[in-house]
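Residue-level listing of the chains:
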Amino acid sequence: MKICIRNICCIGAGYVGGPTMAVIADYCPNIKVAVVDVNKNRIDLWNSKDLDDLPIYEPGLKKIIERCRGKNLFFSTSINEYIESADMVFISVNTPTKKTGIGAGKASDLKWVEASARQVAKFSKGNTIVVEKSTLPVKTAEVIKEILESTDPIQKVKEQKSFHVLSNPEFLAEGSAINDLQKPDRILIGGESKDAIMALHEIYRNWVPEEKILHTNIWSSELAKLTANAFLAQRISSINSIGALCEATGADVREVARAIGSDKRIGSRFLDSGPGFGGSCFKKDILNLVYLSNHFGLPEVANFWESVVSLNNWNQNRLSTLIVKTLFGTVSSKKICILGFSFKANTNDTRDSAALNICKNLLEEGAYLIIHDPKVGSKQIELDLNLKPVIESEDVEYESDPSQYEGKWSYSREVYKACNRADAIVVLTEWEMYSDLNWEIVAKSMRSPAWVFDSRSIVNSKKVLKAKLNFWRVGDGAIQKKR
Ligand code: UDX
Ligand code: ADP
């Protein structure tokens, strides 16, 4: 029987829920979409008048919010009310790696998913399709189903409740989320009920070509999501391992990547060597795979995937060690300017950012860091580093003596000022603005011998060297030889 969706409720107004629902609302004017969250502050920001205050920065997002908010897109903390009126509920809550207990450090913490399922079980009315959107370990749909089915049977009959569970993993990448949602490579819908699958299928058909919508069983869908992220992360660890070898041998990883990437079987994307992958997904998903593999008695499979994460950790530590070694074996009492704190460009997300680990290492070594990022504010960095900035006002005393500030940091809104009297500049996020700096101006204000470390290969090496700055670039053994 055809199921027609009129009201959607999405639990979780984060990096996945917010942009995904905005795009659904934009393409489906006849569907009322409500995004609900327990975090009032986040909801207030989604409702803020000034669209520059939205809690998430994504190119293209502001325009959609402007078009749809208040028409068929709503952000609210009235979770129960919107669950009650929904024909379809998306679960888009956070699923971080467990910190304690069984599976700590590897398995995902499903307490927020469980809480959401319980709320749906309690407040939904009639037929409800529950869609898992958050990245989840395989078999989570089963947990959700069990919770939904354990609703008080009397209440169930009285309110004529019934549920279908679908897995519909999101493949958007932050920084290009809107484009990825508007032009997805594929949409994956896993489930048991053909009618429920078709109800979601019809929503996507409003803008996604038929042949791109794949139907699978529920576990294949869940596993496909983990596998896609694991394969992507594996490519990054692979190229970073080769980058280190290039530095040691005089080869250039960018040339190697171009050469191997032109083989159609390998492909050219996801071969940028850098400081190591960050973000909320790759590490978490691989650790989930590791946990699952061990659980199902496949330790060799678990070890294979775990090495992808180990290589990534090693790569991040390698960078901070290299910086310390290059600066005559110590960074204590030295001023280091950090360009970029988000885990990649075009997002304000700092979760598991390589910059965070590298900054922590440098602070431990006694460096004074001046951190700049065009979209990440001082408050977020303070939370991540768990350390207050020296200058609260965000107005750094650029002339100050760094020896007063060993192991401390300040925030800067101004790139050129941030570089003032610095011993080194470290580019950690590939924001476009950093590829276009005037190195003559920068060089004049730095303390000699001054260094530029480009962990993202975005800086124009010729201009840096012309400005008489020392230069290091990730994976580039050739440039080290030129000095
Ligand atoms: C990833 C997946 O790409 C996406 O499909 C999934 O839905 C969520 O996880 P995301 O983490 O948002 O998306 O960004 P992505 O572009 O994949 O980058 C992840 C990390 O890898 C970033 O730190 C990025 O800088 C790094 N990276 C990416 C590289 O170091 N080199 C590359 O070639 C590509
Ligand atoms: P993601 O990147 O997966 O979108 P985020 O952490 O950005 O993750 O967003 C998840 C959101 O889910 C958070 O804003 C959090 O407050 C919200 N959330 C978690 N549990 C619940 C719940 N039971 N009900 C409503 N919202 C929830």
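Residues numbered from 1 in each chain as written. Chains lettered and ligands numbered in written order. Predicted model: local features only at pLDDT ≥ 70, side-chain atom pairs only at ≥ 80, totals over all residues. Heavy atoms only, no water.

(A) Highlighting the sheet that holds strand β2 (residues 32-36). Strand order in the open sheet formed by 8 strands is β3-β2-β1-β4-β5-β6-β7-β8, and the pairing between neighbours is mixed. Of all the strands in the sheet, the pair left with one neighbour each is β3 (73-76) and β8 (213-216). Within this sheet the neighbouring strands show an average axis-to-axis angle of 25°, counted without direction. (Pairing = 2+ DSSP bridges. Helix = DSSP H or I, 4+ residues; strand = E, 2+ residues; numbered from the N terminus. Axes fitted to C-alpha atoms, helices over the stretch in contact; angles between N-to-C directions.)

(B) Focus on helix α15 (residues 378-385). Within α15, burial applies to Ser378, Ile381, Asp384 and Leu385. Down the axis of α15, the sector holding all buried residues measures 125°, keeping them to one side. Opposite the packed face of α15, turned more than 90 degrees from it, sit the exposed residues Lys379 and Leu383. Where α15 is buried, its residues contact α14 (354-364), β10 (368-372) and β11 (409-411). With its phi angle positive at about 55°, Asn386 sits one or two positions after the end of α15. (Buried < 20%, exposed > 50% of the residue type's maximum accessible area, 1.4 Å probe, protein only. Arc of directions from axis to C-beta. Contact = heavy atoms within 4.5 Å.)

(C) Up close: the layout of surface pockets. Approximately 330 Å³ is the volume found for the second largest pocket. As for the second largest pocket, its lining consists of 16 residues, of which Ala107, Leu110, Pro137, Val138 and Tyr291 are closest to the centre. Elements with a minimum of two residues in the lining of the second largest pocket: α6 (140-149) and α12 (282-295). A total of 4 residues in the lining of the second largest pocket trace back to one element, the largest contributor, which is α12. Its residues assigned to classes, the lining of the second largest pocket comprises 9 nonpolar, 4 polar and 3 charged. (1 Å grid on protein atoms, 1.4 Å probe; cavity = no way out; pocket = protein on both sides within 12 Å on 5 of 7 lines; lining within 4 Å. Points joined across faces, edges and corners; volume = space filled by probe spheres on them. Nonpolar A, V, L, I, M, F, W, Y, C, P; charged D, E, K, R; others polar.)

(D) Representation of the side chain of Ser48 in the model. Position of Ser48 among the secondary structure elements: in the loop between α2 (40-46) and α3 (61-68). A relative accessible area of 12% means that Ser48 is categorised as buried. Residues within four places of Ser48 in sequence aside, it is in contact with Asp53, Leu54 and Arg69.

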